[in-house]
Amino acid sequence: MPLSVQTRREKQKAELRSELVEAAHKLVQEEGYEGLTIRKLAKRVGYAPMSVYSYFADKQDILFALAEDAFETLAQRIEEHPSDDPIEALQAVMTEYAAFGLGNPNEYRTVFMTEKTRPPGGKTFAEMHEANPAMKVLISRVEACVAAGKLKGDPRAIATTLWAVGHGTISLLITFPFYPFGDPQAFVKRMCDFALAGLMTQDMPPLTETPPNC
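Values in this document were obtained by computation on a predicted structure and should not be read as measured data.

K.L.:
Please set out the pattern of salt bridges residue by residue, giving values where relevant.
P.N.:
Counted according to the given criterion, the structure contains five salt bridges. K40 is paired through a salt bridge with E31; the nearest N and O atoms lie 2.6 Å apart. A relative accessible area of 35% places E31 in the partly exposed class. Among the ionic pairs, R77 bridges to E96, the shortest N-O distance being 3.0 Å. Residue R77 is located in helix α4 (residues 59–79), and its partner E96 is located in helix α5 (residues 86–103); the two are separated by 19 residues in the primary sequence. A relative accessible area of 25% means that R77 is categorised as partly exposed.

K.L.:
Account for the UniProt feature "DNA-binding region" (unreviewed entry) in the protein, naming residues and giving values.
P.N.:
Mapped onto the present numbering, the UniProt feature "DNA-binding region" (unreviewed entry) falls on residues 37–56. The distance separating the terminal C-alpha atoms of residues 37–56 is 11 Å; by composition the span is 65% helix and 0% strand.

K.L.:
Break down the packing of helix α6 (residues 105–112) against helix α9 (residues 155–175) for me, with residues and values.
P.N.:
Across the interface, α6 lies against α9 with an axial gap of 11 Å and an inter-helix angle of 130 degrees. The pairing of α6 with α9 is recorded here as oblique in orientation. Viewed along their axes, α6 and α9 form a crossing whose handedness is left-handed. Facing α6, whose interface residues are P105, Y108, R109 and F112, α9 presents W163, H167, I170, S171 and I174. Among the residues making up the contact of α6 with α9, the classes are represented as six nonpolar, two polar and one charged.

K.L.:
An account of the nonpolar core is needed here, citing residue identities and associated values.
P.N.:
Of all hydrophobic cores here, the largest spans 56 residues; its most connected members are L41, I62, L66, L90 and L162. Secondary-structure elements contributing two or more residues to this core are α1 (5–31), α2 (38–45), α4, α5, α6, α8 (133–147), α9 and α10 (184–199). Looking at this core, the element that brings in the most residues is α4, giving nine residues. Residue assignment places this core across two domains, with domain 1 (1–56) and domain 2 (59–213) each supplying three or more. Among residues more than four places away in sequence, those in contact with L90 are L138, R141, V142, C145, L151, L162 and L196.

K.L.:
Pulling in residues and values, what's your account of the packing of aromatic side chains?
P.N.:
Per the stated rule, a full pass over the model turns up seven aromatic pairs. Between the aromatic rings of F181 and F187, the centroid separation amounts to 4.9 Å while the plane-to-plane angle is 50 degrees, which identifies the pairing as tilted. When sorted by exposure, F181 lands in the same class as F187, which is buried. Members of the aromatic cluster, joined through ring pairs, are F71, Y97, Y108 and F112.

K.L.:
Explain the packing of α9 against α10 to me, and be specific about the residues and the numbers.
P.N.:
Look at α9 against α10: their axes get within 10 Å of each other, and the N-to-C directions meet at 155 degrees. Comparing their axes, α10 and α9 come out roughly antiparallel. Relative to α10, α9 is oriented so that their crossing is right-handed. In this structure, α9 uses I158, T161, L162, V165, T169 and L173 to contact α10, whose residues at the interface are P184, F187, V188, M191, A195, L196 and L199. Residues that form the contact of α9 with α10 fall into these classes: 11 nonpolar, two polar and no charged.

K.L.:
Pulling in residues and values, what's your account of α8?
P.N.:
For α8, built from 15 residues, the straight-helix expectation of 21 Å at 1.5 Å per residue is met to within 8% by its first-to-last C-alpha distance of 21 Å. Listed as buried for α8 are P133, A134, M135, V137, L138, I139, R141, V142 and C145. Of the residues one or two after α8, G149 is the one with positive phi, at around 80 degrees.

K.L.:
Explain α4 to me, using residue names and the numbers behind them.
P.N.:
If you check α4, its first and last C-alpha atoms are 30 Å apart, about what 21 residues at 1.5 Å a residue would give, namely 30 Å. All buried positions along α4 are accounted for by Q60, I62, L63, F64, A65, L66, A67, A70, F71, L74, A75 and I78. Residue D58 occupies the N-cap position of α4, its side-chain oxygen lying 3.1 Å from the main-chain nitrogen of Q60.

K.L.:
Tell me about a nonpolar patch on the surface, and name the residues and values.
P.N.:
On the surface, L172, F176, F178 and Y179 cluster together to form a nonpolar patch covering roughly 450 Å² of accessible area. Its location among the elements puts L172 in helix α9.

Thresholds, definitions, all that
- Residues numbered from 1 in each chain as written.
- Predicted model: local features only at pLDDT ≥ 70, side-chain atom pairs only at ≥ 80, totals over all residues.
- Heavy atoms only, no water.
- Salt bridge = Lys/Arg side-chain N within 4 Å of Asp/Glu carboxyl O.
- Buried < 20%, exposed > 50% of the residue type's maximum accessible area, 1.4 Å probe, protein only.
- Helix = DSSP H or I, 4+ residues; strand = E, 2+ residues; numbered from the N terminus.
- UniProt positions renumbered as here; feature names shortened; annotations may be inferred.
- Axes fitted to C-alpha atoms, helices over the stretch in contact; angles between N-to-C directions.
- Parallel < 35°, antiparallel > 145°, perpendicular 65-115°, else oblique.
- Left-handed = near helix turned anticlockwise from the far one by under 90°.
- Contact = heavy atoms within 4.5 Å.
- Nonpolar A, V, L, I, M, F, W, Y, C, P; charged D, E, K, R; others polar.
- Core = buried A, V, L, I, M, F, W, Y, C linked by side-chain atoms within 4.5 Å.
- Domains from an automatic or database assignment.
- Phe/Tyr/Trp six-rings, centres within 6.5 Å; stacked < 30°, edge-to-face > 60°.
- Expected span 1.5 Å × (residues − 1).
- Polar contact = N/O pair within 3.5 Å; in protein donor to acceptor, adjacent residues only side chain to side chain.
- Patch = residues over 30% accessible without salt bridge, like charges linked within 9 Å, V, L, I, M, F, W, Y side chains within 5 Å.
- Areas by Shrake-Rupley, 256 points an atom, 1.4 Å probe, with all protein chains shown as cover.

Below, the structure written as structure tokens:
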């Protein structure tokens, strides 16, 4: 059955948006956050700058698109490393997160270390969570550890704590490359093992008194 005019337009729009996001990734990898501009992005794909504004209102919108794309890539990498041992499966999340960040420092800085001045337009917390498959995988693996009696407490709080430790460690490794941390991956593993050892000794309460549903 031939596609309707509206369906073809939607398909073309989705394809162009994907092309813009891919071009934004390359700009960031080559030039960092500072090199990511609407004008450079338009030039790279061969469109007028005003055409880009049809897809992204500003640089923040591009950042959110890059983040969603990075989360999808990261989730796929994590899923390639399953384990019957829930703790090992959880450690694999941190290992892949570190490999992603250390292997793509410019992109990591842009996605994870650039201030987001506002939340994505009109999105609830639940919708933001659905757009972050990497966090969903992390929480699900924490839930498996809780179910197995390896960890105790609120899964989201545990997952957020591990993310904070991993992010802080990777950020230091990227921004202070001259500091004698030793092997970067080994240092990340040491920090995550340290965090897990601490989490195993306590019952982690929720981060907030009410569920984050809005």
